[in-house]
Amino acid sequence: MSRDIQITVDCADPAALAAFWAEALESQIQPPPEGFASWSEALEAWGVPPEEHNDASLVTDPAGRVPRLYFQRVPEAKRVKNRLHLDLRAAPGLEAQERMSALEAEAARLVSIGATRLERHEPAPPLDGGHIVMADPEGNEFCLD
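The notes below deal with the structure included here. (Residues numbered from 1 in each chain as written. Predicted model: local features only at pLDDT ≥ 70, side-chain atom pairs only at ≥ 80, totals over all residues. Heavy atoms only, no water.)

1. Points about the sheet that holds strand 7 (residues 131-135)
Rules: In this analysis, strands are considered paired if DSSP registers two or more bridges between them. A run of DSSP states H or I qualifies as a helix once it reaches four residues; a run of E qualifies as a strand once it reaches two. Both are numbered from the N-terminal end. Inter-axis angles, ranging from 0 to 180 degrees, are taken between N-to-C directions of lines fitted to C-alpha atoms, where helices are fitted over the stretch in contact.
As summarised here, the arrangement of the four strands in space is 5-8-7-6, forming an open sheet in which the pairing is mixed. Edge strands, defined here as strands with exactly one partner in the open sheet, are strand 5 (86-88) and strand 6 (116-121). The mean angle between the axes of side-by-side strands here comes to 25°, regardless of whether they run parallel or antiparallel. Both strand 5 and strand 8 (residues 141-144) contribute to a ladder of three bridges, which runs parallel. Bridged to Asp87 within strand 8 is Cys143.

Okay, here's the thing in structure tokens:
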């Protein structure tokens, strides 16, 4: 039996957060079902009330590099640090200053699309090559590794 993985993220604005992560991961919002030009058109055809059109959004990677991300609206706000977070591998195979420069460049790109930079951790060999802690537009922490 094969298994796929989907990562589900509780959030306030699924469409906006999915758009951020699609851009961050160089992926895409899942296209609407065949026969529909947009998700709005599909949801309307299925009788979903307009106030529920932003209850969920999906990010997929046609190349299969990252698992599907499912963003679902929840009524409560994020209150504490995530118990699970994503690490974006932005500098695999790089070390020292070359690694940190690559992480800084990716951090700047992510800030330009809505992320917040939280802190930088300098390399501490042999176990820590250095990383940058970020937050997505809703405050969910993730690391650039």
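There is more to say after this.
2. Considerations on the pattern of salt bridges
Note the threshold: By salt bridge we mean one thing: a side-chain nitrogen of Lys or Arg within 4 Å of a carboxyl oxygen of Asp or Glu. Relative accessibility thresholds used throughout: buried, under 20% of the residue-type maximum; exposed, over 50%; partly exposed, between the two (1.4 Å probe, protein chains only).
Using the criterion set out here, one finds ten salt bridges in the structure. When the shortest N-O distance is used, the salt bridge between Asp55 and Arg73 registers 3.1 Å. With Asp55 in the loop between helix 2 (39-45) and strand 3 (56-60) and Arg73 in strand 4 (residues 68-73), the pair connects residues that are 18 residues apart, well separated along the chain. The exposure class of Asp55 is partly exposed, given its relative accessible area of 32%. Among the residues examined, Arg73 registers a relative accessible area of 35% and is labelled partly exposed. Arg120 is the partner of Glu104 in a salt bridge, and the nearest nitrogen-oxygen pair spans 2.6 Å. Here the residue Glu104 occupies a position in helix 3 (residues 96-112), and Arg120 occupies one in strand 6, the gap between them amounting to 16 residues. Taking relative accessible area as the criterion, Arg120 reaches 30% and is therefore assigned partly exposed. Salt bridges linked by common partners bring Glu104, Arg117, Arg120 and Glu122 together as one network.

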